[in-house]
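Architecture at a glance
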Amino acid sequence: MHPLSEQQIVRRNALNEILALGINPYPAEAFDVTTDSGAIRARFDTEPDQFSNVSIAGRLMMIRDMGKACFAELQDEKGRIQLYIKREEICPGDDKSLYDQLFKRLSDIGDFFGARGYVFRTKVGELSIHVVELRLLSKSLHPLPVVKTDADGKVHDAFTDPEQRYRHRYVDLIVNPQVREIFVRRSHMIQEMRNFFNGRGWLEVETPVLQNIHGGAAARPFHTHHNALDIPLFLRIANELYLKRLIVGGYSGVYEIGKMFRNEGMDRTHNPEFTSMEIYVAYKDYLWMMDMVEDLLEYVVEKVCGTKQVEISGHSIRFVKPFRRIPMLDAIREFGGLEVEGKTEAELRILCRQANIQVDASMGWGKLIDELFSELVEPHLIQPTYIMDYPLEMTPLAKKHRSKDGLVERFELYVNGKEIANAYTELNDPLDQRQRFEEQLKLAARGDEEAMAMDEDFLLALEYGMPPTSGLGIGIDRLAMLLTGQEAIQEVLLFPQMKPVTV
RNA sequence: GAUCUGUUAGCUCAGCCGGUAGAGCAACGGCCUUUUAAGCCGUGGGCCUUGGGUUCGAAUCCCAAACAGAUCACCA
């Protein structure tokens with residue numbers, strides 16, 4: 001424990017004086033709240049008589065002391081409201097200690113108060129509560145950063161250090177209302193996705209986070225161990241194979257919104273745990289899925305942002321269907337000016353070198369195509385764009401393309417140069433699926449740590465028969481970044497992963 | 001994993017041609033009964049991230065470490 005700072009000592013002393021006054025700084029009783037700052041702002045002017053006796057609670061964020069009266073700002077979840085506290089009003093008798101001692105001397109920014117009174121406007125027009133009763137609800141012992149906004153909207157002494165903000169997110173949420181708003185919007189976004197899916201009759205499900213076999217994606221897993229069974233387990237890197245088992249089981253549409261865990265690098269677009277939404281719908285293909293995603297995003301963006309357009313990194317992005325659809329090889333031709341159709345692996349390797357892309361011998365035809373695409377095309381895909389028809393070898397769970405050799409029926413949705421969604425016409429041929437897994441095993445034998453493992457039970461499920469199905473995954477954090485205009489994933493995660501500070 | 005930048009009071013930052021620390025806000029003590037980033041007067045508050053080194057002397061120069069951010073690499 002660090003030695004206490006001057007300000008911590010001052011507050012602890014204040015706490016003791018409050019106790020000496022016979023006041024409990026942490027009362028157990030509920031405080032009856034009848035309104036909040038948002039309701040007052042929204043409705044006082046039209047229905048003033050509703051606000052002649054209100055009770056409100058929140059955190060004290062500013063005190064402007066005027067002597068025998070003072071103004072204070074109380075912050076609740078909806079914002080701030082000014083309190084007008086007059087000594088004669090809250091201490092009508094001879095005993096002025098509640099005001100002189102408790103309020104003026106022993107209260108600090110950060111304390112929780114409950115206030116009862118009537119709403120009015122001051123001479124200057126500021127909406128305020130004329131307080132007749134004031135009660136301490138919780139004493140704060142640690143000083144908060146004091147962020148002030150002046151009349152021009154200029155913010156002074158903003159609490160901006162990302163490390164401090166992420167490590168002490170509660171402080172960030174207290175003093176930065178725009179941060180609080182991001183997480184409200186994120187929650188709203190997920191809620192609207194659920195509304196959209198539930199409205200179509202699809203079932204929300206939960207599948208195992210602890211898995212014996214880490215399947216469904218190419219990534220390194222976290223390892224853990226179950227004591228009673230004495231077996232190793234993995235934290236899931238994907239839930240795809242479980243959701244498909246549910247389609248085998250007879251549900252026609254299932255989705256899951258949940259955390260995935262990947263033991264890989266972290267940066268401003270990657271956190272070791274992240275949230276994905278995966279959905280599988282029977283009797284559909286990836287073309288149908290593109291239509292569905294357009295409807296979904298148009299709906300969600302409009303609900304959450306109030307418009308179909310969002311602003312990020314200097315771009316105006318319009319979520320209006322239809323989105324552009326480009327086959328991957330056409331995109332490389334259009335944006336990179338390279339013809340890759342019909343080229344051999346060796347020819348592609350030369351093209352990559354010419355484009356200054358590092359290549360090595362382990363890269364096959366599909367990987368080389370993917371490298372060219374990432375380098376030449378991705379950064380140009382600002383408006384929502386579907387890239388379709390990926391090389392087969394990199395996509396072991398998707399069905400072979402109905403007409404194009406060497407490709408699978410897969411699309412990814414790109415927005416603002418980044419991948420937001422990934423979808424397939426799902427592979428439901430158990431024999432083909434077994435071959436694909438075997439290819440993965442060969443890659444693993446060559447040292448590819450991300451290659452998928454064989455999942456015999458999943459193959460058994462496919463043998464029982466899976467209807468034609470289309471599946472989709474959306475990176476919830478990435479989408480939240482788009483809808484909140486954030487460039488870093490840490491800004492849309494309440495508690496992003498941080499290295500512990502060693503003291 | 002690589003490179004660059006940052007780390008000084010509770011917060012935001014200055015100080016960095018080496019002479020053991022400053023401002024604003026916050027805190028503390030005053031004055032003011034409709035103010036508003038309130039104001040005015042006064043007072044305290046710091047292992048200058050950590051560990052080494054150079055030097056008579058280091059917040060300042062050098063080396064290393066920790067953490068963070070940005071740019072890469074890898075990936076969603």
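Residues numbered from 1 in each chain as written. Chains lettered and ligands numbered in written order. Predicted model: local features only at pLDDT ≥ 70, side-chain atom pairs only at ≥ 80, totals over all residues. Heavy atoms only, no water.

**Considering the overall build of chain A**
What chain A contains, in helices and strands, is 15 helices and 20 strands. In terms of its C-alpha atoms, chain A occupies a principal-axis envelope of roughly 95 × 55 × 50 Å. Burial statistics for chain A: of 503 residues in total, 49% are counted as buried. Pairs at least 24 apart in sequence give 63% of the contacts found in chain A among residues at least 6 apart. With an accessible surface of roughly 24,900 Å², chain A has 51% of that area assigned to carbon and sulfur atoms. Separation between the mean location of the 60 positive side-chain charges and that of the 77 negative ones in chain A comes to 4 Å. (Helix = DSSP H or I, 4+ residues; strand = E, 2+ residues; numbered from the N terminus. Buried < 20%, exposed > 50% of the residue type's maximum accessible area, 1.4 Å probe, protein only. Contact = heavy atoms within 4.5 Å. Areas by Shrake-Rupley, 256 points an atom, 1.4 Å probe, with all protein chains shown as cover. Lys, Arg positive; Asp, Glu negative; His and termini not counted. Charge placed at Lys NZ, Arg CZ, Asp CG, Glu CD.)

**Things to note about the pairing of strand E14 (residues 309–312)**
Only one face of E14 is buried, namely the one carrying Val310 and Ile312, since none of Gln309 and Glu311 on the opposite face is buried. If you look at the hairpin formed by E14 and strand E15 (residues 315–318), you'll find two residues sitting between the two strands, and Ser313 has a positive phi there, around 40 degrees. (Pairing = 2+ DSSP bridges.)

**What to know about the pattern of salt bridges**
All chains considered together, the criterion is met by 41 salt bridges. Of the charged contacts, one joins Glu133 and Arg135 as a salt bridge, the two residues approaching to 4.0 Å between their closest N and O atoms. Assessed through its relative accessible area of 31%, Glu133 is described here as partly exposed. Residue classification places Arg135 among the partly exposed positions, given a relative accessible area of 33%. Here Arg186 and Asp477 are joined by a salt bridge, their closest N and O atoms 2.8 Å apart. (Salt bridge = Lys/Arg side-chain N within 4 Å of Asp/Glu carboxyl O.)

**So, the nonpolar core**
Judged by nonpolar contacts, the single largest core of 50 residues is most densely connected at Phe197, Met277, Ile279, Phe411 and Leu472. By residue number, the principal contributor to this core is helix H9 (residues 286–305), which donates eleven residues. Ignoring anything within four residues of it in the chain, the contact list for Leu472 reads Met277, Glu278, Ile279, Met289, Met292, Val293, Phe411, Ala421, Asn422 and Ala423. Core analysis: the second largest hydrophobic core is formed by 43 residues, Met328, Ile387, Leu397 and Tyr424 among them. (Core = buried A, V, L, I, M, F, W, Y, C linked by side-chain atoms within 4.5 Å.)

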